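Residues per chain, in single letters:
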Amino acid sequence: MDKMPLLAIIFYSVPESYLIFIYGLVIIGEKVDFKRVTTAVLTSVVASYFVRLLPFPFGIHTLIGVIVVFIIFSLVLKVSYKYSLVVTIVSLGTLISLENISLYFIEYKLNIGNLTELWSDTVLRILTGWPHLIIWALIILFLYKKKIYFKL
């Protein structure tokens, strides 16, 4: 169980969710409708908050999160099921990859054994998450500007 502080939800989970959904749309060349994306983000963040409170074994929260993102891509953002599956996997895979690289680098540079030890400090929890979000935002901007996307 992981009860995220409200500040972490606002300053980490919300930006992360925006990036998940915007990246998914950009990589398939779909128009980014910010009203729908905002609805998707709010739905995702609220669902994630409540799922994290459930007393499930490790990994179940993540699986539920993947299913929720897939459903949101399909129903809220009106992406076909085929594309929803692809963009869910690619978006979350990109998130995990960038997060792991970034957190490894932070742990190494700050000589910290495990960043989860810092999670009791809300500000540090937020700040350690921002480097990979900034990198991801720059990647999305590059792909969008260069019109780089794939079609199945």
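Residues numbered from 1 in each chain as written. Predicted model: local features only at pLDDT ≥ 70, side-chain atom pairs only at ≥ 80, totals over all residues. Heavy atoms only, no water.

Student: Before we go on, may I ask you to explain the nonpolar core in this structure?
Tutor: Across soluble globular proteins, nonpolar side chains show a tendency to be buried alongside one another. Counting 33 residues, the largest nonpolar core has I20, F21, V37, F73, L77 and W136 as the members making the most contacts within it. Elements with a contribution of two residues or more to this core: α1 (6-27), α2 (34-53), α3 (60-75), α4 (81-110) and α5 (122-145). With eleven residues, α1 is the largest single contributor of residues to this core. In this structure, W136 is in contact with E16, L19, I20, Y23, S91, T94, L95 and L98, ignoring residues within four places of it in sequence. (Core = buried A, V, L, I, M, F, W, Y, C linked by side-chain atoms within 4.5 Å. Buried < 20%, exposed > 50% of the residue type's maximum accessible area, 1.4 Å probe, protein only. Helix = DSSP H or I, 4+ residues; strand = E, 2+ residues; numbered from the N terminus. Contact = heavy atoms within 4.5 Å.)

Student: How should I be thinking about the pattern of salt bridges in this particular structure?
Tutor: Oppositely charged side chains are able to pair whenever their charged atoms sit close together. Enumeration according to the criterion identifies one salt bridge in this entry. Here D33 ties to R36 by a salt bridge, and the two come within 3.9 Å at their closest N and O atoms. Given a relative accessible area of 34%, R36 falls into the partly exposed group. (Salt bridge = Lys/Arg side-chain N within 4 Å of Asp/Glu carboxyl O.)

Student: Mind showing me how you'd approach α5 here?
Tutor: For α5, with 24 residues, the first-to-last C-alpha span of 34 Å sits near the 34 Å given by 1.5 Å per residue. Along α5, the helix axis deviates most sharply at W130, where the bend reaches about 35 degrees; the proline P131 sits within four residues downstream. The elements touched by buried residues of α5 are α1, α2 and α4. The N-cap of α5, judged by a side-chain oxygen 3.1 Å from the amide nitrogen of V123 a few residues on, is D121. (Expected span 1.5 Å × (residues − 1). Bend = angle between axes of the 7 residues up to and from the residue. Polar contact = N/O pair within 3.5 Å; in protein donor to acceptor, adjacent residues only side chain to side chain.)

Student: Mind showing me how you'd approach the packing of aromatic side chains here?
Tutor: The description of an aromatic ring pair uses the distance of the two centres, along with the angle that the planes make with each other. Enumeration over the complete set of coordinates arrives at five aromatic pairs. Between the aromatic rings of Y104 and Y108, the centroid separation amounts to 6.5 Å while the plane-to-plane angle is 15 degrees, which identifies the pairing as stacked. In this pair, Y104 and Y108 are both assigned in helix α4, four residues apart and thus about one turn of the helix distant. For Y108, a relative accessible area of 57% translates into the label exposed. For K82, the ring lying beneath its charged end belongs to Y83, and the centroid distance is 5.7 Å. (Phe/Tyr/Trp six-rings, centres within 6.5 Å; stacked < 30°, edge-to-face > 60°. Lys NZ or Arg CZ within 6 Å of the ring centre and 35° of its normal.)

Student: Would you explain empty space enclosed by the protein in this entry?
Tutor: Space left empty within the atom packing is revealed by a probe, the size of a water molecule, rolled over the atoms. According to the stated counting rule, one finds one cavity of 30 Å³ or more in the structure shown. What the largest cavity holds in volume is close to 40 Å³. Classifying every residue of the lining of the largest cavity by side-chain character gives four nonpolar, two polar and one charged. (1 Å grid on protein atoms, 1.4 Å probe; cavity = no way out; pocket = protein on both sides within 12 Å on 5 of 7 lines; lining within 4 Å. Points joined across faces, edges and corners; volume = space filled by probe spheres on them. Nonpolar A, V, L, I, M, F, W, Y, C, P; charged D, E, K, R; others polar.)

Student: Quick question: what am I supposed to make of the environment of F11 here?
Tutor: In this fold, F11 is placed in helix α1. With 115 residues separating them along the chain, F11 and I126 place their C-alpha atoms 6.7 Å apart. When neighbours within four sequence positions are excluded, F11 is seen to be in contact with I126 and W130.

Student: Any chance you could explain the side chain of S91 here in plain terms?
Tutor: Structurally, S91 can be placed in helix α4. Among the polar contacts listed, one links the side chain of S91 to the backbone nitrogen of G24, at a separation of 3.5 Å. What S91 contacts, discounting residues up to four positions off in sequence, is I20, Y23, G24, F73 and W136.

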